[in-house]
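Geometric and topological summary
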Amino acid sequence: MYTIDLILKYTPVPLSVQRKEEEDARQLYQQFRDAMNSGEPKVMEFISEDKSDKAKTICISTSELIAVQMSQKGAASDGRQPGFFIASEA
């Protein structure tokens, strides 16, 4: 299972969309990335592929999108938490 986390302006909790296949996840990630690069605001709507078969629909305005992250969940992942680590010198 692959998760695409969306970070929106002024929203402390990321929104997530899941995909079962890596290729589908990469395509979705690329769509969000292209929308961010275009500079033209638009509305994007997606249905999440959840393990529980409960579909979750998400609709966002790309003008509010500031970051996108793709991570792998489940047994195939290496056990690390998704995210970024920044080491800074004091």
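The preceding data block contains the structure.
A short tour of the structure in this document, coming up. (Residues numbered from 1 in each chain as written. Predicted model: local features only at pLDDT ≥ 70, side-chain atom pairs only at ≥ 80, totals over all residues. Heavy atoms only, no water.)

**Comments concerning the packing of aromatic side chains**
In this structure the tally under the stated criterion is 1 aromatic pair. Pairing phenylalanine 32 with phenylalanine 46 gives two aromatic rings, centres 4.8 Å apart and planes at 50°, and the pair type is tilted. On the criterion of sequence distance, the pair formed by phenylalanine 32 in helix α1 (residues 22–38) and phenylalanine 46 in strand β3 (residues 43–48) is long-range, its members being 14 residues apart. The class of phenylalanine 46 is buried, set by a relative accessible area of 10%. (Phe/Tyr/Trp six-rings, centres within 6.5 Å; stacked < 30°, edge-to-face > 60°. Helix = DSSP H or I, 4+ residues; strand = E, 2+ residues; numbered from the N terminus. Buried < 20%, exposed > 50% of the residue type's maximum accessible area, 1.4 Å probe, protein only.)

**Considering the nonpolar core**
Buried together is how nonpolar side chains tend to be arranged in soluble globular proteins. Ile4, Leu6, Phe32, Phe46, Ile60 and Leu65 are the most contacted members of the largest nonpolar core, which has 15 residues in total. Listing elements by their share of this core, those giving two or more residues are β1 (2–8), α1, β3, β4 (56–61) and β5 (65–72). (Core = buried A, V, L, I, M, F, W, Y, C linked by side-chain atoms within 4.5 Å.)

**Examining the side chain of arginine 19**
Here arginine 19 is to be found in strand β2 (residues 15–19). A relative accessible area of 11% places arginine 19 in the buried class. Setting aside residues up to four positions removed in sequence, arginine 19 forms contacts with Met1, Tyr2, Ile4, Asp24, Ala25, Leu28, Phe46, Ile47, Ser48 and Glu49. (Contact = heavy atoms within 4.5 Å.)

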